[in-house]
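# Fold and geometry: a report
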Amino acid sequence: MSFTSTLSLFSLPQARLRHRHRRLQSLPATPAGFGQFLRLPRRRTCPLSRSFAVKASSSSVEGTPARASRARRVYRESQSQSQNNAIVAPVKQIANVVTPFAAFFAITFVIWKFVEKVLDPAPKQSKSSPVESQSTSQGVKWSFGAGTNLLSKLGAKIERQSKQKLNEFAQELRSFPSIDMSGRNFGDEGFFFLAESLAFNRVVEEVSFAANGITAAGLRAFDGVLQTNITLKTLDLSGNPVGDEGAKCLCDILVHNSSIEKLQLNSTDLGDEGAKAIAEMLKKNSSLRVLELNNNMIEYSGFSSLAGALLENNSIRNIHLNGNYGGALGANALAKALEGNNKSLRELHLHGNSIGDEGVRSLMVGLSSHKGKLTLLDIGNNSITAKGAFHVAEYVAKSRSLLWLNLYMNDIGDEGAEKIADALKENRSITTLDLGGNNIHAGGVGAIAKVLKDNLVITTLELSYNPIGPDGAKALAEVIKFHGNIKTLKLGWCQIGAKGAEFIADALKYNTTISILDLRANGLRDEGALCLARSLKVVNEALTSLDLGFNEIRDDGAFAIAQALKSNEDIAVTSLNITSNFLTKFGQSALDDARDHVYEMTEKEINIFF
């Protein structure tokens, strides 16, 4: 109450205060005069009652109660106005000062955040419980684009979304007959999701989980799957770091499985221990037909274990051991196994094992005694020379079942080629012969060509990467002109030049069997292209694919080929590869026009690759 009374004195309008000031000056400067102005000077030191405000307000103005009422109203209005002025004025002053600084601070903050984002794009980890943070950091993130993976720093929200999508996709996997999930990089945890779905799939026969970061821990999920799913026949786990432990785990599951027929474990970090586990599984498993272990780290010990399994297993048909480290001892171990009771083996792939001439000798002895019917033998890239080719020729001459022989990227030379040619005079089973990359010259090709005069069985001949030159092309062309039954002829990187192309082109005018011709990287240039174009103008209903890549052909050669395509209404070519040449947009346009013309006239489509 005293506070209100005091404010009532100092909150009156300024006019009334000036009036009182004049009255105060007119009074005598005595205690009596000062008391006359305040009327009740003694009561100011005591707590004032509510009535004092009325008396103090009415003491300066004489009149009726109505005037007193107006005085109180004036007091309240003046009180309210003074308080509002006291509040609004400072606020306006503060706002005028603060607003520019606030705007400057906001702009600076935004710029700083943007710079921070650019310099450090990794988002900050949000706080979470220890259990949640642990699961987030260790959990695997999934994506559905091949070769991609969600980053672990995208946060728990994206992790939940990826799991949800993977769950939805896993639901659909229950009805697909063939599933290809290669290169998804979903790891062990994603593998658990998909494996669970496979357990409920009753129609799936082929599944590929290649290149997904699956380890030995993930393979344990297959235990329950293969117990439930009895329709799965092909399982591809290539490109996953399963290692020996993963192989052991998988073999424990497959040992009693009766549905898987093809198992692919290429590039899975398998060593001798993993090979031993697979060998033990083969001794008990009777359903597996195809086993692929290419590009692993299996050495002699692992080869020996697998060879021992072949002595007891009579169901395996194809074994792929390309790109391992078997060596001559590994080949010898397999040879001993093939001499045994195994009759089921049909294909043996040993490409790139450095078995050498001694290993080939042992292997050919074993194959000669083999009671089964081997149809495919791949011993390419094994450092075999003419000496080793002699042992191969002995086996080829006796074989009555071999259909495909691969000696690619060895070094048998002309001498070895001649020995193989002599063996082919007696063999009437081989349809595909691959002698590419063996340092064969014109003499060796000539020996092979002579065989083709009477041999109508060979339909595919691979001679690429041999320096046969124009003379070798001539020797071959003279035979295939009217003889043989070659349908696929590969002469890429053979240094035949424009002159050799002329011999081949002349043979094409009369040959009625060659369907696929590969002449890449032979330095044909425009001269060679012109020779081939003249042959394409002649009626040829056999040639469907012509590969002229890497031949330094320019626009003139392209124009000649384009004109030949337009001129021959019976042209059979459906694929023309002319990549990595020196064509400009004019040469390309000419070939495009020729393609369109052929389609308009004959409704035949020609695929031209620039």
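The shown structure was predicted, so the numbers you read here are calculated from the model rather than taken from an experiment.

So, how was this worked out
- Residues numbered from 1 in each chain as written.
- Predicted model: local features only at pLDDT ≥ 70, side-chain atom pairs only at ≥ 80, totals over all residues.
- Heavy atoms only, no water.
- Helix = DSSP H or I, 4+ residues; strand = E, 2+ residues; numbered from the N terminus.
- Buried < 20%, exposed > 50% of the residue type's maximum accessible area, 1.4 Å probe, protein only.
- Contact = heavy atoms within 4.5 Å.
- Salt bridge = Lys/Arg side-chain N within 4 Å of Asp/Glu carboxyl O.
- Phe/Tyr/Trp six-rings, centres within 6.5 Å; stacked < 30°, edge-to-face > 60°.
- Polar contact = N/O pair within 3.5 Å; in protein donor to acceptor, adjacent residues only side chain to side chain.
- Axes fitted to C-alpha atoms, helices over the stretch in contact; angles between N-to-C directions.
- Parallel < 35°, antiparallel > 145°, perpendicular 65-115°, else oblique.
- Nonpolar A, V, L, I, M, F, W, Y, C, P; charged D, E, K, R; others polar.
- Expected span 1.5 Å × (residues − 1).
- pLDDT = per-residue confidence, 0-100.

The secondary structure content of the chain amounts to 23 helices and 16 strands. The burial tally for the chain puts 47% of its 610 residues in the buried class. Long-range contacts, defined as pairs at least 24 residues apart, comprise 85% of the intrachain contacts of the chain with a sequence gap of at least 6.

The next subject is the pattern of salt bridges. On inspection of all chains with the given rule, the structure shows 13 salt bridges. With a shortest N-O distance of 3.4 Å, E358 and R361 are connected by a salt bridge. Here E358 and its partner R361 are both found in helix α15 (residues 356–369), 3 residues apart, which amounts to about one turn of the helix. The class of R361 is partly exposed, set by a relative accessible area of 36%. Across the pair D506 and K481 runs a salt bridge, and its minimum N-O distance is 2.9 Å. Placement of the pair is D506 in helix α20 (residues 497–508) and K481 in the loop between α19 (469–480) and β12 (488–490), with a sequence separation of 25 residues. Here the residues in one salt-bridge network are D518, R520 and D547, joined through shared partners.

To continue, consider the packing of aromatic side chains. A complete count under the given rule lists 7 aromatic pairs for this structure. Centroid distance F191 to F222: 5.3 Å. Interplanar angle 55°. Geometry classified as tilted. Pair noted here: F191 is in helix α8 (residues 187–198) and F222 is in helix α10 (residues 222–228), with a separation of 31 residues, a long-range link. Just as F191 is buried, F222 falls in that class too. Feature note: the residues F186, F191, F209 and F222 constitute an aromatic cluster, connected by ring pairs.

Topologically, N438 is positioned in the loop between β10 (432–434) and α18 (442–451). Looking at N438, its side chain comes within polar contact range of the main-chain oxygen of L435, at 3.2 Å. Within the structure, the side chain of N438 is placed 3.2 Å from the backbone oxygen of G436, a separation counted as a polar contact.

Moving on, we come to the environment of L288. Following the sequence through the fold, L288 ends up in the loop between α12 (272–284) and β5 (290–292). Between the C-alpha atom of L288 and that of S315, which follows or precedes it by 27 residues, the distance is 6.7 Å. Setting aside residues up to four positions removed in sequence, L288 forms contacts with I260, E261, K262, L263, M281, L282, S315 and I316.

Let us now look at the side chain of H370. Turning to its location among the elements, H370 is positioned in the loop between α15 and β8 (376–378). We classify H370 as buried; its relative accessible area is 9%. Beyond its immediate stretch of four places on either side in the chain, H370 contacts L338, N342, K343 and L345.

It is worth spelling out the packing of α18 against α19 at this point. At a minimum axis distance of 8 Å, the contact between α18 and α19 shows a crossing angle of 10°. The orientation of α18 relative to α19 falls into the category roughly parallel. Contacts between α18 and α19 pair A442, V445, G446 and A449 from the former with D471, G472, A475, L476 and V479 from the latter. Split by residue class, the contact of α18 with α19 holds 6 nonpolar, 2 polar and 1 charged.

On to helix α14 (residues 327–338), then. In a regular helix each residue adds 1.5 Å, so 12 residues correspond to 16 Å; α14 covers 17 Å between its end C-alpha atoms and thus fits that length. The complete set of buried residues in α14 reads G327, G330, A331, A333, L334, A335, A337 and L338. Against α13 (300–312), β7 (347–349) and α15 lie the buried residues of α14.

Three- or four-residue spacings in an α-helix give side chains the same orientation, since the helix completes a turn every 3.6 residues. Here helix α21 (residues 525–536) contains 12 residues, and its C-alpha end-to-end distance of 17 Å stays within 8% of the 16 Å for a straight helix at 1.5 Å per residue. If you check which residues of α21 are buried, you get D526, G528, A529, C531, L532, A533, S535 and L536. Taken together, the buried residues of α21 touch α20, β14 (545–547) and α22 (555–567).

A word on unusual backbone geometry. The phi dihedral of N381 is positive, around 55°, even though this residue is not glycine. With respect to the helices and strands, the residue N381 is situated in the loop between β8 and α16 (386–398). A positive phi angle is found at E552, which is not glycine, with a value near 60°. For E552, the position within the fold is in the loop between β14 and α22. Owing to a relative accessible area of 33%, E552 belongs among the partly exposed residues under this scheme.

On to the packing of α14 against α15. If you want to describe how two helices pack, look at the angle between their axes and the distance between the axes. Direction vectors running N to C along α14 and α15 enclose 10°, while the axes themselves pass 8 Å from each other. Compared by their axis directions, α14 and α15 come out roughly parallel. Along the contact surface, α14 presents A328, A331, N332, A335 and L338, while α15 presents G359, S362, L363, G366, L367 and S369. Of the residues belonging to the contact of α14 with α15, the class tally is 6 nonpolar, 5 polar and no charged.

To continue, consider the confidence of the model for the chain. Averaged over every residue, the pLDDT of the chain is 81; residues scoring 70 or more account for 71%. Ignoring residues within four places in sequence, the model shows residues 1–69, a span with pLDDT below 50, making 44 contacts including any to other chains. Within the model, pLDDT remains below 50 along residues 118–154, and this stretch shows 51 contacts once partners closer than five positions in the same chain are excluded.

Tracing the backbone through its elements, the reader meets S305 in helix α13. Here S305 falls in the buried class, since its relative accessible area comes to 19%. As for S305 and D272, which are separated by 33 residues in sequence, their C-alpha atoms are 8.4 Å apart. Excluding anything up to four places from it in sequence, S305 contacts K276 and A279.

By the secondary structure assignment, K283 is in helix α12. Put simply, K283 and L310 are 27 residues apart on the chain and 7.9 Å apart in space, counted from C-alpha to C-alpha. When residues no more than four places from it in sequence are discounted, the contact partners of K283 are G308, A309 and E312. A polar side-chain atom of K283 sits 3.3 Å from a polar atom in the side chain of E280.

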